[in-house]
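# A structural walkthrough
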There are 4 protein chains.
Amino acid sequence: MIVHERPVRFEDVDAAGILFFARFLNYCHDAMERVFDGLPGGYVDLITNRRIGFPAVHVDADFHAPLRFGDVAHIETSVSKLGATSCTFRYRFTRARDGVHVATISHVTVCTALDAMTKLPHPPDVRALLDTHLAP
Amino acid sequence: MIVHERPVRFEDVDAAGILFFARFLNYCHDAMERVFDGLPGGYVDLITNRRIGFPAVHVDADFHAPLRFGDVAHIETSVSKLGATSCTFRYRFTRARDGVHVATISHVTVCTALDAMTKLPHPPDVRALLDTHLAP
Amino acid sequence: MIVHERPVRFEDVDAAGILFFARFLNYCHDAMERVFDGLPGGYVDLITNRRIGFPAVHVDADFHAPLRFGDVAHIETSVSKLGATSCTFRYRFTRARDGVHVATISHVTVCTALDAMTKLPHPPDVRALLDTHLAP
Amino acid sequence: MIVHERPVRFEDVDAAGILFFARFLNYCHDAMERVFDGLPGGYVDLITNRRIGFPAVHVDADFHAPLRFGDVAHIETSVSKLGATSCTFRYRFTRARDGVHVATISHVTVCTALDAMTKLPHPPDVRALLDTHLAP
């Protein structure tokens with residue numbers, strides 16, 4: 001599991017004054033990148049040099065409480081399932097100041113050769129990394 | 001059902017060159033607002049004057065094919081379930097030029113008094129509108 | 001001159017409740033793309049097939065009045081200066097409902113071969129198009 | 001002067017593969033908030049509790065070199081001019097890995113009572129803070 005905190009930005013709220021629901025997924029992607037920081041060059045090297053990406057094939061999100069400007073999202077990221085080519089990331093969002101449970105989001109990716117846009121088995125270093133965060 | 005098309009913007013793609021997965025939800029919200037265009041003043045009047053909002057409590061998304069800059073998202077929006085306070089919107093995304101199925105997203109909202117942030121039964125006009133788009 | 005209207009989106013405001021200042025430039029880019037709609041395939045074809053882009057080298061913006069959710073930005077786009085490789089777009093923003101002057105933004109681009117990221121004289125068709133919108 | 005670094009996010013690039021020009025202003029706002037971190041409660045307290053904001057009235061930006069995914073923006077923020085109600089922030093962007101000068105952006109704000117949307121002289125604590133970053 002990796003813990004990551006991110007303040008709600010001034011421009012991340014919507015006209016109802018709360019973190020816009022789509023932006024939770026921006027935060028998730030950011031949290032996923034923190035997992036890949038465990039590899040040399042991180043997510044950037046995967047995308048830019050190795051041309052390996054992790055497009056989403058499924059997202060399942062439960063929202064329990066809103067976040068507002070001034071709140072800090074506390075995000076716990078783990079891998080709940082690891083297949084040959086697919087990986088399920090699980091993000092648990094709480095509000096940093098009081099621990100209120102904000103959201104739980106599940107995000108299934110498929111390891112993909114970006115130039116051909118075809119499925120790829122997780123390379124051994126990627127698989128080993130993801131495996132260390134496995135918490136079924 | 002309401003049909004809505006939206007071109008993928010220049011700034012909507014990610015470093016892998018495809019529509020960033022979070023932005024699908026921006027497109028969904030836009031499509032949901034098109035449904036509320038059926039009320040006088042539309043979604044703006046609900047939010048701004050009546051102070052009624054529809055925060056997401058659940059999202060379920062299946063992504064089948066990517067969209068790129070230059071593609072147009074063809075979005076069919078319907079209501080798949082209508083409760084006293086909750087509503088499930090269903091968005092079917094296809095690629096306009098060839099009809100390829102891109103994504104299906106389900107989005108559960110709860111009718112909410114924005115100032116108190118408490119649940120509210122759908123007002124009769126809102127319920128009547130949503131009911132016309134019901135396609136279980 | 002090209003006229004383009006764009007409603008302020010639900011997620012385009014900031015925590016102060018007004019259109020976030022950075023997003024004016026998103027609106028400008030959109031308006032610039034409307035100019036390029038005058039070529040077959042539009043801006044998409046330029047970027048994707050011809051690999052010609054128009055990165056900004058300068059932006060100058062004066063903001064006079066805020067826009068809020070529910071407002072519609074009325075944008076008048078013209079070319080105020082056209083060089084061999086550079087072009088200055090001028091966007092005049094008013095609020096659609098009452099004509100209040102919201103902002104004037106000047107945006108200098110340089111025609112660029114995207115693969116080499118080097119300056120390129122405007123191709124004749126691009127130059128001819130931009131010339132029709134010249135309003136010094 | 002305050003120094004702040006921010007990696008270019010996966011979703012911050014455009015279809016030309018470079019940091020979208022509008023997003024430079026998102027980065028500027030973030031850098032400005034780092035200045036206000038010098039007050040108890042920071043920018044959040046100003047906006048949320050004191051209802052004081054700093055809408056932009058002018059932006060002037062020169063872009064010299066692109067940033068790509070994987071680059072880190074190194075941003076030096078100072079106050080180049082301080083008036084009774086207005087403040088000019090100056091942001092100098094370099095690319096962290098090699099110090100290449102990327103952009104210089106000037107951003108004039110007006111201290112504003114957010115509820116009335118009227119001009120306000122800088123409160124003494126705000127003025128004192130901004131004054132410490134003055135570098136004409």
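Overview of the structure. (Residues numbered from 1 in each chain as written. Chains lettered and ligands numbered in written order. Predicted model: local features only at pLDDT ≥ 70, side-chain atom pairs only at ≥ 80, totals over all residues. Heavy atoms only, no water.)

### Concerning the overall build of chain A
For chain A, the count of helices and strands is 3 helices and 8 strands. Sequence-ordered secondary structure for chain A, helices as α and strands as β, is β-α-α-β-β-β-β-β-β-β-α. Relative to the globule expectation of 14 Å for 136 residues, the C-alpha radius of gyration of chain A, 15 Å, shows essentially globular dimensions. Its C-alpha atoms give chain A principal-axis dimensions of roughly 40 × 30 × 25 Å. Buried positions account for 58% of the 136 residues belonging to chain A. Within chain A, counting contacts between residues at least 6 apart in sequence, those at least 24 apart form 63% of the total. Carbon together with sulfur atoms contributes 54% to the accessible area of chain A, which is approximately 5,100 Å² in total. (Helix = DSSP H or I, 4+ residues; strand = E, 2+ residues; numbered from the N terminus. Rg over C-alpha atoms; globule rule 2.2 N^0.38 Å. Buried < 20%, exposed > 50% of the residue type's maximum accessible area, 1.4 Å probe, protein only. Contact = heavy atoms within 4.5 Å. Areas by Shrake-Rupley, 256 points an atom, 1.4 Å probe, with all protein chains shown as cover.)

### Quick word on the sheet that holds strand 4 (residues 72–82) of chain B
One key point about sheets: their strands pair by backbone hydrogen bonds, in either a parallel or an antiparallel sense. Spatially, 1(A)-4(A)-5(A)-6(A)-3(A)-3(B)-6(B)-5(B)-4(B)-1(B) is the arrangement adopted by the 10 strands of the open sheet, whose pairing is antiparallel. The open sheet has two free edges, formed respectively by strand 1 (2–7) of chain A together with strand 1 (2–7) of chain B, since each of these has just one partner strand. Pairs of neighbouring strands in the sheet enclose a mean axial angle of 20°, with direction left out of account. Bridge analysis of strand 4 of chain B against strand 5 (residues 86–95) of chain B gives 9 bridges, and the strand direction is antiparallel. Note that in strand 5 of chain B the partner of K81 of chain B across the bridge is T88 of chain B. Sheet contacts for helix 3 (residues 124–132) of chain B: strand 4 and strand 5 of chain B; angle to strand 4 of chain B, the most-contacted strand, approximately 115°. (Pairing = 2+ DSSP bridges. Axes fitted to C-alpha atoms, helices over the stretch in contact; angles between N-to-C directions.)

### Points about helix 1 (residues 21–36) of chain A
Over its 16 residues, helix 1 of chain A runs 24 Å from end to end, which matches the ideal 22 Å to within 8%, given 1.5 Å per residue. In terms of residue burial, helix 1 of chain A counts as a mostly covered element, since 15 of its 16 residues are buried. (Expected span 1.5 Å × (residues − 1).)

### A short note on the relation of the copies chain A and chain B
Superposing chain A onto chain B takes a rotation of 180° plus a shift of 0.0 Å along the axis, which leaves an RMSD of 0.0 Å. These values place the two chain copies in the arrangement generated by a two-fold rotation axis. Scanning chain A for the C-alpha nearest the rotation axis identifies D60 of chain A, at a separation of 2.3 Å. (Least-squares fit on C-alpha atoms with pLDDT ≥ 70 in both.)

### Considerations on the pairing of strand 4 (residues 72–82) of chain C
All names here are of chain C. Two elements, strand 1 (residues 2–7) and strand 4, share 6 bridges in a ladder whose sense is antiparallel. From the neighbouring strand, I2 faces strand 4, where its bridge partner is T77. Here strand 4 folds back onto strand 5 (residues 86–95), and the loop between the two strands holds 3 residues.

### Describing the pairing of strand 3 (residues 56–63) of chain A
The pairing of strand 3 of chain A with strand 6 (residues 101–110) of chain A spans 7 bridges and is antiparallel. Within strand 6 of chain A, the position partnered with D62 of chain A by the bridge is T104 of chain A.

### Focus on the relation of the copies chain D and chain B
For the pair chain D and chain B, the best superposition has an RMSD of 0.0 Å and corresponds to a rotation of 180° with a translation of 0.0 Å parallel to the axis. Taken as a fraction of all interface residues of chain D, those also at the interface in chain B reach 100%, which identifies the copy contact as same-surface.

### Here's the deal with unusual backbone geometry
Of note, M117 of chain A is a non-glycine position whose phi angle comes to about 55°, a positive value. Secondary-structure assignment places M117 of chain A in the loop between strand 7 (112–113) and strand 8 (118–119). Its identity is not glycine, yet R51 of chain B carries a phi of approximately 55°, on the positive side. By secondary structure assignment, the location of R51 of chain B is in the loop between helix 2 (42–48) and strand 2 (52–53). Using a relative accessible area of 26% as the deciding quantity, one classes R51 of chain B as partly exposed.

### What about helix 3 (residues 124–132) of chain C?
Residue and element names in this part refer to chain C. Taken residue by residue, helix 3 has V126, L129 and L130 as its buried positions. Looking down the long axis of helix 3, one finds its buried residues gathered within 95° of arc, a one-sided arrangement. Opposite the packed face of helix 3, turned more than 90 degrees from it, sit the exposed residues P124 and T132. Taken together, the buried residues of helix 3 touch helix 1 (23–36), helix 2 (42–48), strand 4 and strand 5. (Arc of directions from axis to C-beta.)

### Section: the interface of chain D and chain B
In this assembly, 9 residues from chain D lie in contact with 9 residues from chain B. Across the chain D to chain B interface the summed buried area is about 840 Å²; carbon plus sulfur atoms make up 73%. Broken down residue by residue, the surface that chain D buries against chain B is led by F10, E11 and A15 of chain D, which jointly contribute 54%. On the surface where chain D and chain B come into contact, there are 0 salt bridges. One can count 4 residue pairs in polar contact (both at pLDDT 80 or more) joining chain D with chain B. (Buried area = accessible area lost by both parts, 1.4 Å probe. Salt bridge = Lys/Arg side-chain N within 4 Å of Asp/Glu carboxyl O. Polar contact = N/O pair within 3.5 Å; in protein donor to acceptor, adjacent residues only side chain to side chain.)

### Some words on the environment of V72 of chain D
Residue and element names in this part refer to chain D. Tracing the backbone through its elements, the reader meets V72 in strand 4 (residues 72–82). Put simply, V72 and M32 are 40 residues apart on the chain and 17 Å apart in space, counted from C-alpha to C-alpha. Filtering out sequence-adjacent residues up to four positions away, V72 remains in contact with E5, R6, P7, T94, R95 and A96.

### Overview of the environment of Y43 of chain D
All names here are of chain D. Mapped onto the elements of the fold, Y43 is located in helix 2 (residues 42–48). Along the sequence, Y43 and E33 sit 10 residues apart, while their C-alpha atoms lie 5.8 Å from each other. Within the structure, Y43 has its side chain in polar contact with the side chain of H29 (distance 3.3 Å).

### Observations concerning the interface of chain A and chain B
Taken together, the contact pairs 24 residues of chain A with 24 residues of chain B. Overall, the association of chain A and chain B removes approximately 2,100 Å² of surface from exposure, summing both partners, and the carbon and sulfur fraction of that is 67%. The tally of links from chain A across to chain B stands at 0 salt bridges. Here chain A is connected to chain B by 8 residue pairs in polar contact (both at pLDDT 80 or more). Those elements that provide at least two residues to the side of chain A that touches chain B are helix 1 and strand 3 of chain A. Ranked by residue count, the leading element in the side of chain A that touches chain B is strand 3 of chain A, at 8 residues. When its residues are assigned to classes, the side of chain A that touches chain B shows 17 nonpolar, 4 polar and 3 charged. Here strand 3 of chain A runs beside strand 3 (residues 56–63) of chain B; their pairing, made up of 5 bridges, is antiparallel. Within strand 3 of chain B, the residue paired with V59 of chain A across the bridge is A61 of chain B. (Nonpolar A, V, L, I, M, F, W, Y, C, P; charged D, E, K, R; others polar.)

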